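# A closer look at the structure
Residue strings, one per chain:
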2 protein chains.
Amino acid sequence: MTITRAMLEALDKGDPLAPFRDEFDLPPDVLYLDGNSLGVLPKAAKARMVRAVEQEWGRGLIRSWNEAGWIDMPGRVGAAIAGLIGAHADEVIVADSTSVNIFKLAAAALRLRPGRRIILSEPGNFPTDLYMLQGLTMFLGGAVEVRTVAPADLPTALTDEVALLLLTQVHYKTGRMHDMADLTARAHAVGALTLWDLSHSAGALEVNLNGAGADFAVGCGYKYLNGGPGAPAFLFVARRHQADAVQPLSGWMGHAAPFAFDDTYRPADGMRRHLCGTPPILGLSALEEGVAIMARADRSHIREKSQRLGDLFITLVEQMCGDVFGLISPREAGQRGSHVSLSHLDGYAIMQALIARGVIGDFRAPDALRFGFTPLYLRYVDLWEAVAHLANIMQSGEYRQDRFQTKAAVT
Amino acid sequence: MTITRAMLEALDKGDPLAPFRDEFDLPPDVLYLDGNSLGVLPKAAKARMVRAVEQEWGRGLIRSWNEAGWIDMPGRVGAAIAGLIGAHADEVIVADSTSVNIFKLAAAALRLRPGRRIILSEPGNFPTDLYMLQGLTMFLGGAVEVRTVAPADLPTALTDEVALLLLTQVHYKTGRMHDMADLTARAHAVGALTLWDLSHSAGALEVNLNGAGADFAVGCGYKYLNGGPGAPAFLFVARRHQADAVQPLSGWMGHAAPFAFDDTYRPADGMRRHLCGTPPILGLSALEEGVAIMARADRSHIREKSQRLGDLFITLVEQMCGDVFGLISPREAGQRGSHVSLSHLDGYAIMQALIARGVIGDFRAPDALRFGFTPLYLRYVDLWEAVAHLANIMQSGEYRQDRFQTKAAVT
């Protein structure tokens, strides 16, 4: 079946999520296929940041910790995120970065499984996940090791030596999705715990942490949650572990009574013990607005549109570009998150040429062109325009120009 | 000598720092003596936040990592802070929170002093400093212990078992200042390293880390640096330790080549290895403006005015309030940072009554009323008004009203 522009326009007309597009401040002349790296600006976040800066900080000053509810923001925004990932409101809190939260929860898991010497993951997991585990185990002096095995070998690698299985639900490069419920059950069968990185799934899929029996999770605020550049991250601890999960970054905000100023750390109940330093109020303010929009959208509509966008994109690329690209991502939508990666040896330059035309995706070394599909603000017809640009760049050879070859600091 | 209002007005007329007041957006009807807890809003930060949100995030989106220089912000703001604390530009970087940075550098110090089993500090240090050490040592399974001794006993407690001495240069409650050069020399004499928490001194004193031979330091962005609520923090590693200082929160932003997406962590050269997750751009943007103002002020003028403000405040309290308050802080300005604490059993209620009148200080359990002096935006005559309110509250007994008794979440 050949896709036509008219078909895509018809899909936009019938899209129940179409009204959400107006809630975002999208730049003109840009087709943004990189919301999986940095989500766009919600209009409500613009007004909120002015209020947070001018009123809460400027006028309220220190009084805003109580009067503007700053002190409750990590839990309040966490509770809103919980609704997006199949968690109870009291199982999620916002703090620090995804990286720091991985360290906290991996360390907590090791304490819950003393004597077990392996943390299991997969090669090519998002680097920070592996790096944080390497820092953690290096620091513990070799008593615990990080082992990475290919996804297909995970079931046999799950033995009673494994303390923790850490996986990213949707792979940052390929978009391949793990079966969270199945792998969690397999981990539990050998007495291991699970830590799921939801950076590429929260806000993009119907994540169901409790349905899958997950133990721990972390995730990113600045991708599908539209929380702004470097937004604070979130972490999840299942209720059954909350009383026993103790993490080493035991800062004052995680104390049972931070304003008693005791000399001895005593962890707060529930999720507050996973806070560390003073919460980043400006970042939390923007994130709260991004999450609020997402919370109003129907999760099944998001997943349905996300899958359809990905399917149509793959088909359009083949239709317009022929076979010049490899498909890194799974073709089957049910095995994919909300982005699609293509491979090409000149991937970096091709992506630069696309960006120069206002079609923004990103490049992941060594050869992946990555395109993210964000159902709240992307139109079906945008796919037509984006792939037409891509086809034109390939046919014209425009990407071979020198100006597209120079690597930037951030790719 | 009796202080008069006219004397204070004359001091304001001759104050070389007076023009700086206009750079801040101060609320009307407020006398703000809490800049040591949360600094006020720089006018430049208002405009900067609009630019960061609407232009850089909203329009530039992912391109702003390169085009708006986001990726360089941790080092760039760090270099600006370096100029305030006697460090080289390549010795400071901005990342995470003060708490998280304490963990990083204390862990790095332990690796540089293997076999030594004590981290030394003082009782009553700011809680998060002690809590982070407790988390660190708990996590290491008892091989290292945290020992706290009174300041007078530090010289004898410094033995060749000590790996690290962690002190806050200016005490958060008493305002008492340690002699950084002397204690650093004593630590070095027994082979120990030093980690200085500058939260209450960066931007308030003439800190000279390299002059004192300090090894490591951390500090807060939201106090005297006016970086906004929950601003990111900074950390310092002396050049001589940079090649060997390895910290366990080894996130992707600390990797030598973050966008190579390797599976194996390899620390960046210099200070970048002390980054962990994705930098908090909104917080960094506000902080950069606060630091820029501070960088234009003459450091000796700041210290001179800070000391004079403190001296005058103490004298005015005695002049107007008699002997109802104890003086927690050192009377000698040279031994004090930039805040003064008074003691009173009804301290909490008295501070609430002051705040209700728009005179904002804060309370630190169990009995300290804390008043911070920020030379860039405080006038000498403000002291007169503030202490007159305090005297009136004490004479009228107004603080005994029920409405001032209820403890808020944040004190």
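A quick note: this is a predicted structure, and the numbers were derived from the prediction, not measured.

A separate point is the sheet that holds strand β10 (residues 339-343) of chain A. Residue and element names in this part refer to chain A. One open sheet holds the 4 strands; their spatial order is β9-β10-β13-β12, and the pairing between them is antiparallel. The sheet terminates laterally at β9 (326-327) and β12 (362-364), the two strands that pair on one side only. Pairing of β9 with β10, which is carried by 2 bridges, proceeds in the antiparallel orientation. Counted as the bridge partner of Gly-326 is Ser-343 from β10.

The next thing to look at is the interface of chain B and chain A. Taken together, the contact pairs 88 residues of chain B with 88 residues of chain A. Taking both sides of the interface into account, the surface hidden between chain B and chain A amounts to around 7,400 Å²; carbon and sulfur atoms contribute 70%. The largest share of the area that chain B buries against chain A comes from Trp-57, Tyr-131 and Phe-139 of chain B, three residues that together contribute 11% of it. Taken together, the links from chain B to chain A amount to 2 salt bridges. For the interface between chain B and chain A, the tally reads 27 residue pairs in polar contact (both at pLDDT 80 or more). When residues of the side of chain B that touches chain A are traced back to their parent elements, those giving at least two are α2 (43-60), α3 (64-67), α5 (98-112), α6 (127-139) and α11 (281-296) of chain B. The greatest single-element share of the side of chain B that touches chain A, amounting to 10 residues, is contributed by α6 of chain B.

The set of residues buried in helix α4 (residues 73-82) of chain B consists of Met-73, Pro-74, Val-77, Gly-78, Ile-81 and Ala-82 of chain B. Its buried side turned inward, α4 of chain B meets α2, β2 (92-94), β8 (234-237) and α11 of chain B.

One pass over the full model with this rule turns up 30 aromatic pairs over all chains. For the ring pair Tyr-172 of chain A and Phe-261 of chain B, a centre distance of 5.4 Å and an interplane angle of 25° mean the geometry is stacked. Linking Tyr-172 of chain A in the loop between β5 (162-168) and α8 (180-189) with Phe-261 of chain B in the loop between α10 (239-242) and α11, this pair reaches from one chain into another. Considering the side-chain rings of Trp-252 of chain B and Phe-261 of chain B, the 6.3 Å spacing of their centres and the 35° angle between planes classify their relative orientation as tilted. When its relative accessible area of 8% is taken as the criterion, Phe-261 of chain B is described as buried. Among the aromatic residues, ring-to-ring pairing joins Phe-126 and Tyr-172 of chain A together with Trp-252, Phe-259 and Phe-261 of chain B into one connected group. Stacked on the ring of Tyr-348 of chain A, the Lys or Arg Lys-407 of chain A has its end atom at 5.0 Å from the ring centre.

This brings us to the domain arrangement of chain A. Residue and element names in this part refer to chain A. Domain boundaries in chain A define domain 1 (5-41 + 299-404) and domain 2 (69-296). Measuring from the centre of the C-alpha atoms in domain 1 to the corresponding centre in domain 2 gives 29 Å. Contact residues are listed per partner, giving 33 residues for domain 1 and 25 residues for domain 2. The junction of domain 1 with domain 2 conceals about 2,300 Å² of combined surface from both sides, 57% of it contributed by carbon and sulfur atoms. Per-residue buried area on domain 1 facing domain 2 is highest for Arg-299, Arg-303 and His-339; these three make up 24% of the total on that side. In this structure, the connection of domain 1 to domain 2 is made through 1 salt bridge. Put simply, Arg-296 and Glu-23 hold a salt bridge, and the shortest N to O gap is 2.9 Å. Summed over the shared surface of domain 1 and domain 2, the number is 16 residue pairs in polar contact (both at pLDDT 80 or more). Elements that contribute at least two residues to the side of domain 1 that touches domain 2 include exactly α12 (299-321), β10 and β13 (368-372). Of the residues belonging to the side of domain 1 that touches domain 2, the class tally is 13 nonpolar, 14 polar and 6 charged.

The subject of this paragraph is the relation of the copies chain B and chain A. At an RMSD of 0.0 Å, chain B and chain A line up after a rotation of 180° and a shift of 0.0 Å along the axis. Taken together, the turn and the small shift mark the pair as related by a two-fold rotation axis. A share of 100% of interface residues in chain B that are also interface residues in chain A marks the association as one of identical surfaces.

Attention shifts here to the state of the cysteines. Per the counting criterion, the structure on display carries 0 disulfides over all chains. A disulfide-free cysteine, Cys-220 of chain A has its sulfur positioned 13 Å from the sulfur of Cys-276 of chain B, the nearest such atom. Residue classification places Cys-220 of chain A among the buried residues on the basis of a relative accessible area of 2%. The cysteine Cys-276 of chain A is free of any disulfide, with Cys-276 of chain B supplying the nearest cysteine sulfur at 11 Å.

Turning our eyes to something else, we now look at the UniProt feature "binding site: pyridoxal 5'-phosphate" (unreviewed entry) in chain A. Residues and elements named next belong to chain A. Under the feature "binding site: pyridoxal 5'-phosphate" (unreviewed entry), the UniProt entry names Thr-98, Ser-99, Phe-126, Pro-127, Thr-128, Asp-129, Thr-168, Asp-197, His-200, Tyr-222, Trp-252 and Thr-278. The annotated residues occupy 181 residues of the chain and do not converge on a single region, their most distant C-alpha atoms lying 30.4 Å apart. Along the polypeptide, Thr-98 turns up in helix α5 (residues 98-112). In contact with Thr-98, other than residues within four places in its own chain, are Asp-197, Ser-199, Val-218, Gly-219, Cys-220 and Ala-233. Structurally, Asp-197 can be placed in strand β6 (residues 193-197). Aside from chain neighbours lying at most four places away, what touches Asp-197 is Thr-98, Ile-102, Asp-129, Leu-167, Thr-168, Gln-169, Val-218 and Gly-219.

Residue and element names in this part refer to chain B. Of the two faces of strand β3 (residues 118-121), the one carrying Ile-118 and Leu-120 and the one carrying Ile-119 and Ser-121 are both buried. Two elements, β3 and strand β4 (residues 145-148), share 4 bridges in a ladder whose sense is parallel. Counted as the bridge partner of Ile-118 is Glu-145 from β4. Chirality of the crossover, the property in question, places the unit of β3, α6 and β4 among those that are right-handed. Relative to strand β5 (residues 162-168), β3 runs parallel, the two sharing 3 bridges. Bridge pairing links Leu-120 to Leu-165 in β5.

Residues and elements named next belong to chain A. The feature "modified residue: N6-(pyridoxal phosphate)lysine" (unreviewed entry), as given by UniProt, occupies Lys-223 in the numbering adopted here. Within the fold, Lys-223 resides in the loop between β7 (216-219) and β8 (234-237). Contact partners of Lys-223, with chain neighbours within four places excluded, come to Gly-35, Asn-36, Ser-37, Gly-39, Ser-199 and His-200. Within the structure, Lys-223 has its side chain in polar contact with the backbone oxygen of Asn-36 (distance 3.2 Å).

This next bit is on α2 of chain B. Counted at 1.5 Å a residue, the expected span for α2 of chain B with its 18 residues is 26 Å, and the 24 Å between its end C-alpha atoms agrees. Most pronounced at Ala-52 of chain B, the bend in α2 of chain B amounts to some 30°. Inspection of α2 of chain B places Ala-45, Arg-48, Met-49, Ala-52, Val-53, Glu-56, Trp-57, Gly-58 and Gly-60 of chain B among the buried residues, and these make up the whole buried set. Against α2 (43-60) and α11 (281-296) of chain A together with α3, α4 and α11 of chain B lie the buried residues of α2 of chain B. One or two steps after α2 of chain B, the chain reaches Leu-61 of chain B, where phi turns positive at roughly 50°.

Counting 262 residues, the largest nonpolar core has Ile-85 of chain A together with Ile-85 of chain B as its most contacted members. For Ile-85 of chain B, the residues in contact, after removing those within four places along its chain, are Val-92, Leu-198, Ala-202, Val-207, Asn-208, Leu-209 and Phe-234 of chain B. With 39 residues, the next largest nonpolar core counts Ile-314, Leu-342, Ala-365 and Phe-373 of chain A among its residues.

Looking at where Arg-273 of chain A falls in the secondary structure, it is placed in the loop between α10 (239-242) and α11. The buried charged residue Arg-273 of chain A lacks any salt bridge, with Asp-269 of chain A as its nearest oppositely charged partner at 4.6 Å.

Turning our attention to the sheet that holds β2 of chain B. Residue and element names in this part refer to chain B. Spatial ordering of the open sheet is given by β2-β8-β7-β6-β5-β3-β4, a layout of 7 strands whose pairing is mixed. Whereas interior strands pair on both sides, the edge strands pair on one side only; in this sheet they are β2 and β4. Going from strand to strand, the sheet's axes swing by 20° on average, the running direction of each strand aside.

What counts and what doesn't
Residues numbered from 1 in each chain as written. Chains lettered and ligands numbered in written order. Predicted model: local features only at pLDDT ≥ 70, side-chain atom pairs only at ≥ 80, totals over all residues. Heavy atoms only, no water. Pairing = 2+ DSSP bridges. Helix = DSSP H or I, 4+ residues; strand = E, 2+ residues; numbered from the N terminus. Contact = heavy atoms within 4.5 Å. Buried area = accessible area lost by both parts, 1.4 Å probe. Salt bridge = Lys/Arg side-chain N within 4 Å of Asp/Glu carboxyl O. Polar contact = N/O pair within 3.5 Å; in protein donor to acceptor, adjacent residues only side chain to side chain. Buried < 20%, exposed > 50% of the residue type's maximum accessible area, 1.4 Å probe, protein only. Phe/Tyr/Trp six-rings, centres within 6.5 Å; stacked < 30°, edge-to-face > 60°. Lys NZ or Arg CZ within 6 Å of the ring centre and 35° of its normal. Domains from an automatic or database assignment. Nonpolar A, V, L, I, M, F, W, Y, C, P; charged D, E, K, R; others polar. Least-squares fit on C-alpha atoms with pLDDT ≥ 70 in both. Disulfide = S-S within 2.5 Å. UniProt positions renumbered as here; feature names shortened; annotations may be inferred. Right-handed = clockwise from strand over helix to strand, strands pointing away. Expected span 1.5 Å × (residues − 1). Bend = angle between axes of the 7 residues up to and from the residue. Core = buried A, V, L, I, M, F, W, Y, C linked by side-chain atoms within 4.5 Å. Lys, Arg positive; Asp, Glu negative; His and termini not counted. Axes fitted to C-alpha atoms, helices over the stretch in contact; angles between N-to-C directions.

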